[in-house]
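A look at the structure
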Amino acid sequence: MKIWLDGGLQDGETARVSVFDHGLTVGDGVFETVKAMHGETFALTRHLDRLTRSARGLGLPDPDQDEIRRACAAVLEADPMPLGRLRITYTGGHGPLGSDRGDRGPTLVVALGGTTRRADSTAVVTVPWTRNERGALTGLKTTSYAENVVALARAHEQGATEALFGNTAGRLCEGTGSNVFVVLDGEIHTPPVASGCLAGITRELTVEWTGAGETDLPLDVLERADEVFLTSTLRDVQAVHRVDDRELPGAPGPVTAKAMRIFAERAADDLDP
């Protein structure tokens, strides 16, 4: 396995990042996960633009997008696979043990791991913790991911693959690594970015391609929605057949199935929409 680390390819087994890297010590970093199919990336431009927005939100220098494109191409060429998870990580770099940053510049890592196609439907649970829609990191895809790790572990304990959060106002927000959509009376809705959710790339494309509305929704909409589905880089559009103890028989329902079909067709037509 080859990874890109600070300017070139290195062996995955021997590549090392400093134990003083701010991404490790204080979670001072941002990242993107990009779907790769047979050596080709999907929606890379949108992912790189979001990476830049996240970096600016943390006060990091703008990442060199040309270098990242070269890094992605090199890693994919070194380890081609049918379906992969391409991870771009960009941190504050070597720094002191406290919150102050060092002056050696950022760290860039690009790595690739294999994955498999997701199931057509899945189970989700809601969790008692909230997203802070007014926090300093709201809307940024940062490496400060421990809250998601805890929530996802709760989901797995309950036989689900995703955990859904409300925000501090009791509104539906997002999953640990996905956006959530609901179908009400045949219309598709998803929480607005103002809810505190990440502006997901797959979410953005789904809204554009299906005409879904961005709607402020109460968390209990999950108890009455006709259909529920998730979107993310590796899920694409995935139906939900259970929310907590509520079964949604027949998932994917007709509206979700249409959204799944539209996304698959449009994505196949353009790898960098």
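This section reports on the structure supplied with the text. Since the model is a prediction, treat every value here as computed from it, not as a measurement.

Details of the packing of helix 2 (residues 44-58) against helix 3 (residues 65-78)
Between helix 2 and helix 3, whose axes approach to 11 Å, the crossing angle comes to 130°. Regarding the angle of helix 2 to helix 3, the classification is oblique. Between helix 2 and helix 3 lies a crossing of right-handed hand. Within the contact between the two elements, helix 2 uses Leu44, Thr45, Leu48, Asp49, Leu51 and Thr52 and helix 3 uses Gln65, Ile68, Arg69 and Cys72.

Considerations on the nonpolar core
Leu86, Ile88 and Val110 are the most contacted members of the largest nonpolar core, which totals 24 residues. Of all the secondary structure elements, the ones that give two or more residues to this core are strand 3 (29-37), helix 2, helix 3, strand 5 (83-91) and strand 6 (107-114). Top element by residues in this core is helix 3. It accounts for 6 residues. Contacts of Leu86, omitting those with residues within four sequence positions, involve Glu32, Thr33, Val34, Thr41, Cys72, Val75, Leu76, Val110, Ala111 and Leu112. Grouped together as the second largest cluster of nonpolar side chains are 18 residues, Ile201, Leu205, Met260 and Phe263 included.

Points about the sheet that holds strand 4 (residues 40-41)
As summarised here, the arrangement of the 6 strands in space is 2-1-6-5-3-4, forming an open sheet in which the pairing is antiparallel. The open sheet has two free edges, formed respectively by strand 2 (8-11) and strand 4, since each of these has just one partner strand. As defined by bridge partners, strand 3 adjoins strand 5 across 9 bridges and the pair is classed as antiparallel. Directly across from Val30, in strand 5, lies its bridge partner Tyr90. Sheet strands in contact with helix 2 are strand 3, strand 4 and strand 5, and its direction is about 175° off that of strand 3.

Remarks on the packing of aromatic side chains
The final tally for this structure, using the stated rule, is 4 aromatic pairs. Ring geometry for Phe42 versus Phe263: centroids 6.2 Å apart, planes at 65°, classification edge-to-face. Taken together, the residues Phe42 in the loop between strand 4 and helix 2 and Phe263 in helix 6 (residues 254-269) connect sequence positions 221 residues apart. Judged on exposure class, the residue Phe42 and its partner Phe263 are both buried. Ring geometry for Phe181 versus Phe229: centroids 4.8 Å apart, planes at 10°, classification stacked.

Quick word on the pairing of strand 5
Pairing geometry for strand 5 and strand 6, over 8 bridges, is antiparallel. Within strand 6, the residue paired with Gly84 across the bridge is Gly114.

Some thoughts on a negative patch on the surface
On the surface, a cluster of negative charge is contributed by Glu265, Asp269, Asp270 and Asp272. Mapped onto the elements, Asp269 comes out in helix 6. For Asp269, a relative accessible area of 66% puts it in the exposed group.

With respect to the side chain of Thr176
Take Thr176: it is sitting in the loop between strand 9 (172-175) and strand 10 (179-184). At 2.6 Å, the side chain of Thr176 forms a polar contact with the side chain of Glu162. Once residues within four sequence positions are removed from consideration, Thr176 is found in contact with Arg131, Tyr145, Asn148, Ala151, Leu152, Glu162, Ala163 and Phe165.

What about helix 2?
Between its first and last C-alpha, helix 2 extends 21 Å over 15 residues, near the 21 Å set by a 1.5 Å rise per residue. Of the positions making up helix 2, those classed as buried are Leu44, Arg46, His47, Leu48, Arg50, Leu51, Thr52, Ser54, Ala55 and Leu58. Looking at the packing, one finds that the buried side of helix 2 touches strand 3, strand 4, helix 3, strand 5 and helix 5 (201-210). Note on helix 2: the residue one or two positions beyond its end, Gly59, has a positive phi of about 85°.

Description of a nonpolar patch on the surface
Judged by side-chain polarity, Val19, Phe20, Leu24 and Leu97 come together as a nonpolar surface patch covering roughly 440 Å² of accessible area. In this fold, Leu24 is placed in helix 1 (residues 22-25). With relative accessibility at 60%, the residue Leu24 sits in the exposed group.

How each quantity is defined
Just so you know, the residues in each chain are numbered from 1, in the order the chain's sequence is written. Local features are withheld for residues below a pLDDT of 70 in this predicted model, meaning they are given only at 70 or higher, and side-chain atom pairs are given and counted only at 80 or more; totals for whole chains, interfaces and linings count all residues. Processing note: side-chain calculations cover all non-hydrogen atoms of the structure and skip hydrogens and water entirely. Whenever a helix is involved, its axis is fitted only over the stretch in contact; in every case the axis is a line through C-alpha atoms, and angles between N-to-C directions fall within 0 to 180 degrees. Secondary structure is summarised from DSSP: a helix means a run of H or I of at least four residues, a strand means a run of E of at least two, and numbering begins at the N terminus for each. Any angle from 65 to 115 degrees is called roughly perpendicular, while one under 35 is roughly parallel, one over 145 is roughly antiparallel, and all others are oblique. Less than a right angle of anticlockwise turn of the near helix away from the far helix marks a crossing as left-handed, whereas a clockwise turn marks it as right-handed. Here, residues are in contact when the closest pair of their heavy atoms is within 4.5 Å. Grouping buried Ala, Val, Leu, Ile, Met, Phe, Trp, Tyr and Cys residues that are joined through side-chain atoms within 4.5 Å yields what is termed a nonpolar core. Three exposure classes are used, based on accessible area relative to the maximum for each residue type with a 1.4 Å probe and protein chains only: buried under 20%, partly exposed in between, and exposed over 50%. Paired strands are those between which DSSP finds at least two bridges. Stacked, tilted and edge-to-face are the three classes assigned to paired rings of Phe, Tyr and Trp, where Trp is represented by its six-membered ring and a pair needs centres within 6.5 Å; plane angles under 30 degrees give stacked, over 60 edge-to-face, the rest tilted. Like-charged residues within 9 Å of one another, or nonpolar side chains (Val, Leu, Ile, Met, Phe, Trp, Tyr) within 5 Å, are grouped into patches, provided each residue has over 30% relative accessible area and no salt bridge. Computed with the Shrake-Rupley method and a 1.4 Å probe, the accessible areas treat only the protein chains shown as cover for residues. The term salt bridge refers to a pairing of a side-chain nitrogen on Lys or Arg with a carboxyl oxygen on Asp or Glu at a separation within 4 Å. All tallies of charge rest on Lys and Arg as positive and Asp and Glu as negative; His and the ends of each chain are not included. For the purpose of locating charges, the reference atoms are NZ of Lys, CZ of Arg, CG of Asp and CD of Glu. Any pair of N or O atoms that falls within 3.5 Å is considered a polar contact. Within protein, one atom must be able to donate a hydrogen and the other to accept it, and sequence-neighbouring residues count only if both atoms are side-chain atoms. How far a helix is expected to stretch is found by multiplying one less than its residue total by 1.5 Å.

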